[in-house]
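Chain and residue survey
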Amino acid sequence: MEFCYLTPEFYNDYSSCTEIEQKHYRPYVQVCVRINDYLFVVPMRSHIRHNFVLWTDKENGCGLDFSKAVIILDEKKYIDSDRKPIIRQNEFNSLKGKERIVYNKMLSYIKRYKKAKLNRHITYNDQLCRFSTLQYFEDYL
């Protein structure tokens, strides 16, 4: 499994995208997954309160938050190759060997987002679309 940080340029270029999670002083570690020639990065977050997640520490609400995944359109510009992410051992252990599960969950979330987009008149679907970062990358889904 590949982990990374995003560069300040990414956050600057997408600063108008309010659903993209930004922590300037303690950035999110991202898990990389390639789908259909696009690099998706999924942030590892805490205090998650929805179901679009792969738990790494459910007791503390920590996991991969698929609702905040983004597509990296310029890897050289947006992936920080100078810093190596460090994650908690228990979270690393829970992800170890689960590359296929991460891939399938990301694919499933994309399908769910697309379906919700077609039925935004349903409140739940509208909320899913409004709070998802995929709204900024629809041309690539």
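Please refer to the structure placed before this passage.
Notes on the structure in this doc start here.

Rules and cut-offs
Residues numbered from 1 in each chain as written. Predicted model: local features only at pLDDT ≥ 70, side-chain atom pairs only at ≥ 80, totals over all residues. Heavy atoms only, no water. Helix = DSSP H or I, 4+ residues; strand = E, 2+ residues; numbered from the N terminus. Buried < 20%, exposed > 50% of the residue type's maximum accessible area, 1.4 Å probe, protein only. Contact = heavy atoms within 4.5 Å. Expected span 1.5 Å × (residues − 1). Arc of directions from axis to C-beta. Salt bridge = Lys/Arg side-chain N within 4 Å of Asp/Glu carboxyl O.

1. Quick notes on the side chain of Glu-19
- With respect to the helices and strands, the residue Glu-19 is situated in the loop between α1 (8-13) and β2 (30-35).
- According to the relative accessible area criterion, Glu-19 is buried, its value standing at 17%.
- The residues touching Glu-19, leaving out its near neighbours within four places in the chain, are Lys-68, Arg-130, Phe-131, Ser-132, Thr-133, Gln-135 and Tyr-136.

2. Topic: helix α4 (residues 99-118)
- Here α4 contains 20 residues, and its C-alpha end-to-end distance of 29 Å stays within 8% of the 28 Å for a straight helix at 1.5 Å per residue.
- Along α4, the residues classified as buried are Val-102, Met-106, Tyr-109, Ile-110, Tyr-113 and Ala-116. The buried residues of α4 occupy one face: seen down the axis, they fall within an arc of 130°. Across α4 from its buried face, at more than 90 degrees, point the exposed residues Arg-100, Lys-111, Lys-115 and Leu-118.

3. A short note on the pattern of salt bridges
- Summed over the entire model, instances satisfying the criterion amount to 10 salt bridges.
- With a closest N to O distance of 3.1 Å, Arg-83 and Asp-80 form a salt bridge.
- Given a relative accessible area of 13%, Asp-80 falls into the buried group.
- Among the salt bridges present, the one from Asp-126 reaches Arg-130, with a minimum N-O distance of 3.1 Å. Placement of both Asp-126 and Arg-130 in helix α5 (residues 123-131) is noted, with a separation of 4 residues, approximately one turn of the helix.
- On the basis of relative accessible area, Arg-130 is assigned to the partly exposed category, the value being 40%.
- Where salt bridges share partners, they join Glu-21, Arg-45 and Asp-65 into one cluster.

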